[in-house]
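Residues per chain are reported as follows:
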Amino acid sequence: MSDVTHTATPWPAANSSAEVVVVGSGAGGAPTAALLAEAGLDVLVIEEGPWVAQGEVVPFSLDQMHRQYRSRGVTVALGKPSIAYTEGRCAGGGSEINSGLYWRPPASLLSRWRDEYDLATLDPDEVERILDEIEVALSVQLVPGAPTAPSEVLRRGAAALGWRHDEVPRWMTYPDGDDASRGRRQSMTETYLPRATQAGARIVTGARVDRITMRAGHANGVDVTTDDDARRHIACRHVVVCAGAIHTPALLQRSGIRRNVGASLAIHPTVKLAARFPETMNVPDDVPVHQVKEFAPLLSFGGSASHPGLVALSLADAWDRFGSRIVDWERMSVYYAAITPQGRGRVRALPGFADPLVTYRLTRRDQALLGRGLARLSLVMLEAGADEVYPSFRGASVVSSRSDVAEQQRQFSATRATVMSVHLCSTVPLGGTRSAQRGTDEWGAVPGVGNVTVNDASLLPDAPGVNPQATVMALAIRNTRHHLATDRFARSDA
Ligand SMILES: Cc1cc2nc3c(=O)[nH]c(=O)nc-3n(C[C@H](O)[C@H](O)[C@H](O)COP(=O)(O)OP(=O)(O)OC[C@H]3O[C@@H](n4cnc5c(N)ncnc54)[C@H](O)[C@@H]3O)c2cc1C
């Protein structure tokens, strides 16, 4: 669905109002807005970034980073080591720029969350049914025809080692049949946002919600700054905050809501390497669909975007040794090892600054796990036929044999590595009354402020160990249905 109507800035009316304001239009906000509008509510979605339709920019390109990523992709969680993270900042949020790799949250994960976070109402069967719907809505499917050469590397290497590997389905349509290179990502601007507007929701882009305004312990509207620096106040009866795991807690804090908000950031840290093969294999505008899951959920291996600039970046940590190889970029691709860590981080809104301070601490165990992961990923590459492997940490040497892998693991130090993450969650976690970290109730409602709810990645109790978008969407749909069934949005005193 690409013939989308939406309302871009300037605003339809200087100072407007709505029954429900949804802040953010990503994987949490878009389905929330669609369901609320379809239930007949007057919904206004306020999105900080621009509307960029699928196909307008080349996927994984610098142009895309410029237009659709927050801070052009340069954002960092301070720590030892600091961790670079990326977020979407556009209509559709992360769903527009991500790899589209679809994982259902494992039933064992949902059961653990139910037990550890006192979430008695979290029903794995209900979540499964919602996931069935999501798969249809997003056209989740395997690649038609053969996966790309960089993807085949992961399959081949894992198979040679006897390690479990999967082709991960994606939210894609393939208008040209078997031509997998011409897939169209079924992001929120293609699916739930058009559904929302068709049901009457208004979407404004280029508008940042600065704070939720409160009166007598209740939200009565939001203050907004638009791209042209105009200030607006929008009166509303309910606010649903879906600004993502960094900006949801920051907005709540700026609005005076601080209890268990921002103190439990969870991520999937990754370390990278580039691998060179005898034949040309680089695919600049797509990512591999295979993942190696032998050691999941602790460790997972997959492939990253690999246009020449990103290949150069992955060689940059040991440029003195690796830099000369950049001429071979067409024979290279970039891969990652991701861990499910024990560490946690913090998000703190700073007075006078638009962006919050983000910090993150990897535990010793996490740091060691990153080193083990990178070594095992090197093995996968060698088994797949790589002639040279370039691990991304300062002081690394070229790896071209199994004995080099042992040396690589000995040399590795997380504090000298480029650690990154694209999966951020758990900053305002769901929890029952007995959960010590509870940022919201079991359905995303902020305790003590009846008409503010959260409905995005912030709610995940901890890092899921799989790509998170499906989990984010399923919880958002579950919560919205619950609030509609209990008439929360019909009541001004909810
Ligand atoms: C590069 C990358 C690759 C990824 N790959 C995958 C993958 O393959 N599979 C997978 O399952 N997951 C993947 N993810 C993660 C997935 O995209 C996220 O988990 C998901 O998008 C989170 O949804 P969300 O609604 O919490 O936040 P987002 O989707 O980030 O949406 C939040 C939105 O809120 C807006 N916003 C923020 N603050 C404000 C404000 N104050 N006012 C107004 N608007 C605001 C932002 O601009 C943004 O559009 C990837 C993420 C990235 C960045």
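Reference entry: report on the structure contained in this document. (Residues numbered from 1 in each chain as written. Predicted model: local features only at pLDDT ≥ 70, side-chain atom pairs only at ≥ 80, totals over all residues. Heavy atoms only, no water.)

### What about the site of the ligand?
Then, number 1: Taken together, the neighbourhood of the ligand is formed by 38 residues, with Gly28, Glu47, Leu101, Ala457 and Gln469 sitting nearest.
Then, number 2: Note that an oxygen atom of the ligand is positioned 3.5 Å from one of the side-chain N or O atoms of Asn467.
Then, number 3: Protein burial of the ligand: of its 1,000 Å² of free accessible surface, 94% is covered by the chains.
Then, number 4: Elements with a contribution of two residues or more to the shell around the ligand: strand E10 (207–215), helix H7 (244–254) and helix H12 (469–485).
Then, number 5: Taken together, the residues that form the shell around the ligand break down as 16 nonpolar, 16 polar and six charged. (Near = heavy atom within 4 Å. Polar contact = N/O pair within 3.5 Å; in protein donor to acceptor, adjacent residues only side chain to side chain. Areas by Shrake-Rupley, 256 points an atom, 1.4 Å probe, with all protein chains shown as cover. Helix = DSSP H or I, 4+ residues; strand = E, 2+ residues; numbered from the N terminus. Nonpolar A, V, L, I, M, F, W, Y, C, P; charged D, E, K, R; others polar.)

### A word on helix H4 (residues 124–137)
Then, number 1: Along its 14 residues, H4 runs 20 Å from first to last C-alpha, staying within 8% of the 20 Å computed at 1.5 Å per residue.
Then, number 2: Buried residues of H4: Pro124, Val127, Ile130, Leu131 and Ile134, and no others. The buried side chains of H4 occupy one side of the element, clustering within an arc of 115° when seen end-on. Residues of H4 that are exposed and angled more than 90 degrees away from the buried face: Arg129 and Val136.
Then, number 3: Where H4 is buried, its residues meet helix H3 (107–116), helix H6 (192–198) and H12. (Expected span 1.5 Å × (residues − 1). Buried < 20%, exposed > 50% of the residue type's maximum accessible area, 1.4 Å probe, protein only. Arc of directions from axis to C-beta. Contact = heavy atoms within 4.5 Å.)

### Here we look at the packing of H4 against H12
Then, number 1: Where H4 meets H12, the closest approach of the two axes is 9 Å, and the angle between their N-to-C directions is 110°. Considering their axes alone, H4 and H12 lie roughly perpendicular with respect to each other. Taken as a pair, H4 and H12 cross one another with a handedness that is right-handed. In contact with Glu126, Val127, Ile130, Leu131, Glu133 and Ile134 of H4, H12 contributes Ala470, Met473, Ala474, Ile477, Arg478 and Arg481.
Then, number 2: Of the residues belonging to the contact of H4 with H12, the class tally is eight nonpolar, no polar and four charged. (Axes fitted to C-alpha atoms, helices over the stretch in contact; angles between N-to-C directions. Parallel < 35°, antiparallel > 145°, perpendicular 65-115°, else oblique. Left-handed = near helix turned anticlockwise from the far one by under 90°.)

### Topic: the sheet that holds strand E8 (residues 184–185)
Then, number 1: Overall, antiparallel pairing links the three strands, which are arranged E5-E7-E8 in an open sheet. The strands lining the two open edges of the sheet, one partner per strand, are strand E5 (140–141) and E8.
Then, number 2: Note: strand E7 (residues 170–173) against E8, two bridges, orientation antiparallel. Of the residues in E8, the one forming a bridge with Met172 is Arg185. (Pairing = 2+ DSSP bridges.)

### Points about the pairing of strand E19 (residues 357–360)
Then, number 1: Along E19, the buried face is formed by Val358 and Tyr360; none of Leu357 and Thr359, which line the opposite face, is buried.
Then, number 2: Of the strand pairs in this sheet, strand E18 (residues 345–348) and E19 are connected by four bridges, and their pairing is antiparallel. If you follow Arg346 over to E19, its bridge partner there is Thr359.

### Focus: the layout of surface pockets
Then, number 1: If you add up the space inside the second largest pocket, you get close to 490 Å³.
Then, number 2: Broken down by secondary-structure element, the contributors of at least two residues to the lining of the second largest pocket are helix H2 (62–68), E7 and E8. (1 Å grid on protein atoms, 1.4 Å probe; cavity = no way out; pocket = protein on both sides within 12 Å on 5 of 7 lines; lining within 4 Å. Points joined across faces, edges and corners; volume = space filled by probe spheres on them.)

### Here's the deal with the packing of aromatic side chains
Then, number 1: Counted according to the given criterion, the structure contains five aromatic pairs.
Then, number 2: Here the aromatic rings of Tyr102 and Trp171 are separated by 6.4 Å at their centres, their planes lie at 90°, and the arrangement is edge-to-face. Here Tyr102 is found in the loop between strand E4 (83–85) and H3, whereas its partner Trp171 is found in strand E7, with 69 residues between them in sequence.
Then, number 3: Among the residues examined, Tyr102 registers a relative accessible area of 5% and is labelled buried.
Then, number 4: On the basis of relative accessibility, which here comes to 2%, the residue Trp171 falls in the buried class. (Phe/Tyr/Trp six-rings, centres within 6.5 Å; stacked < 30°, edge-to-face > 60°.)

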